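Observations on chain architecture
What follows is each chain in one-letter form.
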Number of protein chains: 2
Amino acid sequence: MKPKETESLDATRHSLAHLLAMAVRELYPGAQNAIGPAVENGFYQDFDFSNAHITPLHSPLGRGEKARGVQISDADLPAIEKKMRELLPQWKEWTKKEVTLAQVKKEFAWNAYKMELAKEFAKERKTLTFYVCGGFVDLCKGGHTLPLAEIDPKSFKLDRLAGAYWRGDEKNKMLTRIYGLAFATKKELDKYLTMREEAERRDHRKLGQQLDLFTLSEQVGKGLPLFTPKGALLRELLNAYSQELREKKGWQKVWTPHITKSELYKTSGHWDKFGGELFLVKSQETKDELVMKPMNCPHHQQIYASRPRSYRDLPLKYMETTTVYRDEKAGELLGLSRVRCITQDDSHTFCRPNQIEQIYQELIDVTKTFYKSIGMQIRARLSLRDQKRPDKYLGEPKLWEEAQRILLKIAKESGLDYFVAEGEAAFYGPKIDFMAVDALGREWQLATPQLDFVQPKRFGLTYTDETGKEQTPVMIHFALMGSIERFLSVYIEHTAGAFPLWLSPVQATVIPISDKFASYGAKVKDALVKENIRVEMSDANETLGKRIRAAELMKIPYILVVGEKEEKNGTVNVRRYRGGQPSSAQAAAGEDGEIKLGQLTEKIRKEITEKQYEI
Amino acid sequence: MKPKETESLDATRHSLAHLLAMAVRELYPGAQNAIGPAVENGFYQDFDFSNAHITPLHSPLGRGEKARGVQISDADLPAIEKKMRELLPQWKEWTKKEVTLAQVKKEFAWNAYKMELAKEFAKERKTLTFYVCGGFVDLCKGGHTLPLAEIDPKSFKLDRLAGAYWRGDEKNKMLTRIYGLAFATKKELDKYLTMREEAERRDHRKLGQQLDLFTLSEQVGKGLPLFTPKGALLRELLNAYSQELREKKGWQKVWTPHITKSELYKTSGHWDKFGGELFLVKSQETKDELVMKPMNCPHHQQIYASRPRSYRDLPLKYMETTTVYRDEKAGELLGLSRVRCITQDDSHTFCRPNQIEQIYQELIDVTKTFYKSIGMQIRARLSLRDQKRPDKYLGEPKLWEEAQRILLKIAKESGLDYFVAEGEAAFYGPKIDFMAVDALGREWQLATPQLDFVQPKRFGLTYTDETGKEQTPVMIHFALMGSIERFLSVYIEHTAGAFPLWLSPVQATVIPISDKFASYGAKVKDALVKENIRVEMSDANETLGKRIRAAELMKIPYILVVGEKEEKNGTVNVRRYRGGQPSSAQAAAGEDGEIKLGQLTEKIRKEITEKQYEI
């Protein structure tokens, strides 16, 4: 969308907030409208209903005039919306009028909120203005360019209610906020509603419960999810693949504990920057000042430092999938998106400057392969330093230039979809941020290979070069999924829980149409088990339809129905569940028909081995 | 050793402490002897040398009579030992003499320690006795049955010096303690010395450094080891096998975070019992009272509790290898034996009472298979409740009886080497403690399947039985290695770092006798890599002998030497390193001779796949 269009849409949204105020005041005389701006996707208007009453015409529920102080609910929104549409045709022209505080008082003596604002503006010697449209007067700073009556009456919609403190201060009165949605066309509004509904359908918290992937326990605490067998398997398969790709290129696993003396982060410099986000650990037996690790780089540097290193030992490639802990605000914790236990598929590489290119090439390869296998597109942001502010960055300028040149070169040569973001580098080095695009078009920053010219110096890491001189290695931070918990929240929503076959906790379920075919069903199951396919068999307590529906609810990729014909032919009847893409929002298993048992196991094995993404 | 023999050996050891006191006082007049008891493997005697001087005869270093206050060192022990042997023939008969405090004072006025003890004894109205032998008088409570002169003069040996506070109180003066070793025969003394030397050779802290398995960092903290790539691989291979054996029998991995609200341990009952050993975690952002988990059972119970369960769902078999944290006293921390981060290959099974037998059978199978593969013998201790104190235990008596009956039955039927220990059960259920015996004959308690009738009740866990009634499941705790860190400390010492092939971080190294054969060496290496064998190639910077020696120091199982003959014949010359057993303390690689490359890879593959234990 172009800036000009956005501007005009914002003006429409703001105008709709005025219209909403008028509609409410007609239906609920005495209601005081406070502020009403345009926001993302629409607008809102705040009201104080405590002196309002309901007009007799609008009182079908018997709430009569005597009721002073009204409590509205979502059920009242359609009537308000209807009133807005009734009034809309009269909202043809905007009149702007500069007024004095006395004039405001004359018009708004009944409205404490408008008066408070007007007095404040007057004190600040701001011009006070009324904006009038359709006979409705409001104190307003303006921004109404178009005659509202020209918009499509179906392009807006009231959305929901919320409580909001006057001026956002919890010491003030709680007002009633009415949210509305508004777009340039009805089509765009509908598209937004569909996407939102789809996002709700894909909510990872709901799917996590439905698919039995993880659970939260009041007794364990907020932001500390527990993974059930299916969820733990999903984590493990993803992580095994993430590490396997790097192992093939020479990365080696290391292991470090979750607590450490805080001294370590004082040396690394993290303490000053992230001290407030650290969980402090109190030893009852010693005087050690301990913390839970919020990152692994200092630990891996201690392993590097455990022996003298020569240029021949480099690159040293360490990886470790381990959980770090960060003390997030309780209000910000949400499902798996925002947690206090963050499992990183982390790695740290120590290399000579002339090895940076090779390492980056390897990490980009790994990233491309991984995200392709899981069916997500990636874009790369090259975060370079701000050329006008070289003082903001640590490390030798020559090293920076060389490293940035390398990153640009590799990005081009690898055929990456990339863009350059100057000034987005970390203070200790440039980086590539990979953004994964999900099925709803949302972008997520996940993998981030990051150069670090600073930390190795702080820890005094060295290697002996070809001439016997001591040099400082360059460090490259890299995690492929980043936080596995956050990654899963994105990935569950991307796939709507219909994971590619290789990641599905249960890959196939055998459903005999009746008890009579249970023994053939068991034979089918055994054949799949022999091929290491994760298969279940449903017992025949329920009707066939219900059992198929249950398997679909669990989004099991292969639903294998067997009966008389299948037993006779040595076949199974395959229903392949495909439910991941938004285009198939109503997805269910389609019948793929009869197939020989041997062919099926071969087909499934191939799909798993090749990590095909077919959902 | 029979009790009577032990008694007599203890008397000899105690007598030797007297003899030591006499020898020291002759060599260092003025030295005050304090106490001198028998201890395990020998005896000690404490001295205060601050008023001592050196006799002219014993002053070859020029430390003359004028030197008041002597500092002795280990180098002085042989001379003291020699003096003991000189005096020994005169120590024929013991005379016991009851004395008054005045008599003690007359004899020991010069010895502040003896006087302090004598005064105390007198106050407590104890009889004061002198024991005299070889002309040496000592204040002593007795215990000298045999004429010391009859022992083999070679059956004892002075061992080492240590500092020791008088009466063990750090407010008191630090005395010099001389330790001696003493056995019934010289042969036994030699055997002990050999074993001890072997144990030192096998010290896991030394081998951990030599083989580059783990490191400790001052900045990370005590008891918090970091595992380097080779050590991390060892952990991973052991754990993968431990989990694989259980996975085959239906255990499923789960994942839980390392911190939790302390409330969880208040419910489980651990707080009261282990509260002081917990690391407390302080959140700076919330008011949550958090701790690091010291065990996983409550977490796994939260997963159980996340859904309603039916009798058909049981047994539910969860396993998780995760690190728990315990706040050990700083003074007790030692290498990997005693750490603050304890990684458990844990599992918790929830079952119906009539499933206990099956689960135990499976866990015993797993234990037998695992310990056989790693080459350690196991014995089982059946820890049952004290029949005379049924009040000490929680849970229904009927359930206890039935469970104990089952444990005994399984122990018999499985052909386990077991013994019964009444009164050793936990208060919440009976258990089997598996003791692994290491190469030095030391026993270690490792795997422990443990029944729990109590915790599931505390957490209110239930399942619906066949009749629709709510029942409480039985829980079975089980870890195969227990703490992986502690297990590794035992296992590194058991194998002396010469791990079985399947566990060796590097399984083979190719050594071309000169640069000329580097390309054939590379071909050999590639053939092994193709078979997923972990292989290195040594470059030819050093002499052949040095390179072979370096590979032996790293205890690499297959050392493959290639030269002209091997290249011509398509073979390698194998030196198989075997160094694990104490009988082969001086072990090094023996030449196994020439073998076809294809045969070798097949042989190695087979040895790995079958997890053969040949060290």
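All values derive from a computational prediction rather than experimental measurement. (Residues numbered from 1 in each chain as written. Chains lettered and ligands numbered in written order. Predicted model: local features only at pLDDT ≥ 70, side-chain atom pairs only at ≥ 80, totals over all residues. Heavy atoms only, no water.)

Some thoughts on the relation of the copies chain B and chain A
- If you rotate chain B by 180 degrees and push it 0.2 Å along the axis, it lands on chain A with an RMSD of 0.2 Å. The relationship between the two copies is best expressed as a two-fold rotation axis. Across chain B, the smallest distance between a C-alpha and the rotation axis is recorded for B:Val281, namely 2.2 Å. (Least-squares fit on C-alpha atoms with pLDDT ≥ 70 in both.)

Considering the side chain of A:Ser347
Residue and element names in this part refer to chain A.
- With respect to the element layout, Ser347 can be found in strand E16 (residues 341-351).
- In terms of polar contacts, Ser347 uses its side chain to reach the side chain of Arg246, at 3.2 Å.
- Apart from residues no more than four positions distant in its own chain, Ser347 is found in contact with Arg246, Trp251, Tyr318, Met319, Ile476, His477 and Phe478. (Helix = DSSP H or I, 4+ residues; strand = E, 2+ residues; numbered from the N terminus. Polar contact = N/O pair within 3.5 Å; in protein donor to acceptor, adjacent residues only side chain to side chain. Contact = heavy atoms within 4.5 Å.)

Some remarks on the nonpolar core
- One finds A:Tyr371 and B:Tyr371 to be the most contacted residues of the largest nonpolar core, which totals 209 residues.
- When neighbours within four sequence positions are excluded, A:Tyr371 is seen to be in contact with A:Met376, A:Ile378, A:Ala436, A:Leu446, A:Ala447, A:Leu480, A:Met481 and A:Phe487. (Core = buried A, V, L, I, M, F, W, Y, C linked by side-chain atoms within 4.5 Å. Buried < 20%, exposed > 50% of the residue type's maximum accessible area, 1.4 Å probe, protein only.)

Remarks on the packing of helix H15 (residues 518-530) of chain A against helix H18 (residues 597-609) of chain A
Residue and element names in this part refer to chain A.
- The geometry of H15 relative to H18 is characterised by a closest axis approach of 10 Å and an angle of 35 degrees between their N-to-C directions. You can see that H15 and H18 cross each other, and the crossing is right-handed. Of H18, the residues touching H15 (which contributes Val524, Ala527 and Leu528) are Leu597, Thr601 and Ile604.
- Its residues assigned to classes, the contact of H15 with H18 comprises five nonpolar, one polar and no charged. (Axes fitted to C-alpha atoms, helices over the stretch in contact; angles between N-to-C directions. Left-handed = near helix turned anticlockwise from the far one by under 90°. Nonpolar A, V, L, I, M, F, W, Y, C, P; charged D, E, K, R; others polar.)

Regarding the sheet that holds strand E6 (residues 136-139) of chain A
All names here are of chain A.
- Spatially, three strands are ordered E4-E5-E6 in an open sheet, and the strand pairing comes out antiparallel. The strands lining the two open edges of the sheet, one partner per strand, are strand E4 (95-99) and E6. Within this sheet the neighbouring strands show an average axis-to-axis angle of 25 degrees, counted without direction.
- Two strands pair when backbone bridges link them, and strand E5 (residues 128-133) and E6 are joined in this way by four bridges, in the antiparallel orientation. Residue Tyr131 lies in a different strand from E6, and its bridge partner there is Asp138. (Pairing = 2+ DSSP bridges.)

Observations regarding the interface of chain B and chain A
- Contacts between the two partners involve 63 residues from chain B, matched on the other side by 63 residues from chain A.
- A combined buried area of about 5,300 Å² lies between chain B and chain A, and 54% of that area is made up of carbon and sulfur atoms.
- Three residues, B:Gln219, B:Trp255 and B:Glu285, lead the burial of chain B against chain A; their summed loss comes to 14% of the area buried on that side.
- Here chain B is connected to chain A by ten salt bridges.
- Residues B:Glu285 and A:Lys329 are paired through a salt bridge, measuring 3.7 Å at the closest nitrogen-oxygen approach. (Buried area = accessible area lost by both parts, 1.4 Å probe. Salt bridge = Lys/Arg side-chain N within 4 Å of Asp/Glu carboxyl O.)

Thoughts on the packing of aromatic side chains
- Tallying each qualifying case throughout the model produces 46 aromatic pairs over all chains.
- Ring centres of A:Trp400 and A:Phe453 lie 5.7 Å apart, and the angle between their planes is 75 degrees; on these two criteria the pair is classed as edge-to-face. In this pair, A:Trp400 sits in helix H12 (residues 397-413) while A:Phe453 sits in the loop between strand E21 (450-452) and helix H13 (455-458), placing the two residues 53 residues apart along the sequence. For the residue pair A:Trp400 and A:Phe453, the accessibility class agrees, reading buried in each case.
- Judged by centre distance (6.2 Å) and plane angle (20 degrees), the rings of A:Tyr491 and A:Phe499 are stacked. Each member of the pair, A:Tyr491 as well as A:Phe499, carries the same accessibility label: buried.
- Ring pairs connect the aromatic residues A:Tyr241, A:Phe370, A:Tyr371, A:Phe487, A:Tyr491, A:Phe499 and A:Trp502, which therefore count as one cluster.
- The residue whose ring lies beneath B:Arg13 is B:Phe183, and the NZ or CZ to ring-centre distance is 5.2 Å.
- The cationic tip of B:Arg85 hangs over the ring face of B:Phe156; the distance from NZ or CZ to the ring centre is 4.8 Å. (Phe/Tyr/Trp six-rings, centres within 6.5 Å; stacked < 30°, edge-to-face > 60°. Lys NZ or Arg CZ within 6 Å of the ring centre and 35° of its normal.)

Concerning the side chain of B:Thr343
- Examined against the element boundaries, B:Thr343 turns out to sit in strand E16 (residues 341-351).
- Within the local environment of B:Thr343, its side chain forms a polar contact with the side chain of B:Glu485, the two groups lying 2.6 Å apart.

So, the pattern of salt bridges
- Taken as a whole and assessed by the stated rule, the structure comprises 92 salt bridges over all chains.
- B:Lys173 is the salt-bridge partner of B:Asp48, the closest N and O atoms lying 3.1 Å from each other. Note that B:Asp48 is positioned in strand E3 (residues 42-48) and B:Lys173 in the loop between strand E7 (156-165) and strand E8 (174-182), a separation of 125 residues in sequence.
- Taking relative accessible area as the criterion, B:Lys173 reaches 41% and is therefore assigned partly exposed.
- Across the pair B:Glu81 and B:Arg85 runs a salt bridge, and its minimum N-O distance is 3.1 Å. Placement of both B:Glu81 and B:Arg85 in helix H2 (residues 77-87) is noted, with a separation of four residues, approximately one turn of the helix.
- Several salt bridges share partner residues, and in doing so they unite A:Glu26, A:Lys83 and A:Glu86 into one network.

Side note on the sheet that holds strand E6 (residues 136-139) of chain B
All names here are of chain B.
- The sheet built from three strands is open, its strands ordered E4-E5-E6 with antiparallel pairing. The outermost strands of the open sheet, each flanked by one partner alone, are strand E4 (95-99) and E6. When the angles between neighbouring strand axes are averaged without regard to direction, this sheet yields 25 degrees.
- Across five bridges, E4 lies against strand E5 (residues 128-133) in antiparallel orientation. Across the sheet, residue Lys96 finds its bridge partner in E5, namely Tyr131.
- Packed on one face of the sheet, helix H3 (residues 101-108) meets E4, E5 and E6 and runs near 45 degrees to E5.
- Here helix H4 (residues 112-123) sits on the sheet and contacts E5 and E6; the angle it forms with E6, its principal contact strand, is near 50 degrees.

Some remarks on the domain arrangement of chain A
- The domain architecture assigned to chain A consists of domain 1 (9-198), domain 2 (208-495) and domain 3 (501-609).
- If you average the C-alpha positions of domain 1 of chain A and of domain 2 of chain A, the two centres end up 47 Å apart. (Domains from an automatic or database assignment.)

Details of the packing of helix H7 (residues 229-247) of chain B against helix H11 (residues 356-373) of chain B
Residue and element names in this part refer to chain B.
- The geometry of H7 relative to H11 is characterised by a closest axis approach of 10 Å and an angle of 150 degrees between their N-to-C directions. It follows that H7 is roughly antiparallel to H11 by the angle criterion. Of the two possible hands of crossing, H7 and H11 adopt the one that is right-handed. Counting all contacts with H7, which are made through Leu238, Tyr241, Ser242, Leu245 and Arg246, the residues of H11 involved are Val366, Thr369, Phe370 and Ser373.
- For the contact of H7 with H11, the class distribution of residues is five nonpolar, three polar and one charged. (Parallel < 35°, antiparallel > 145°, perpendicular 65-115°, else oblique.)

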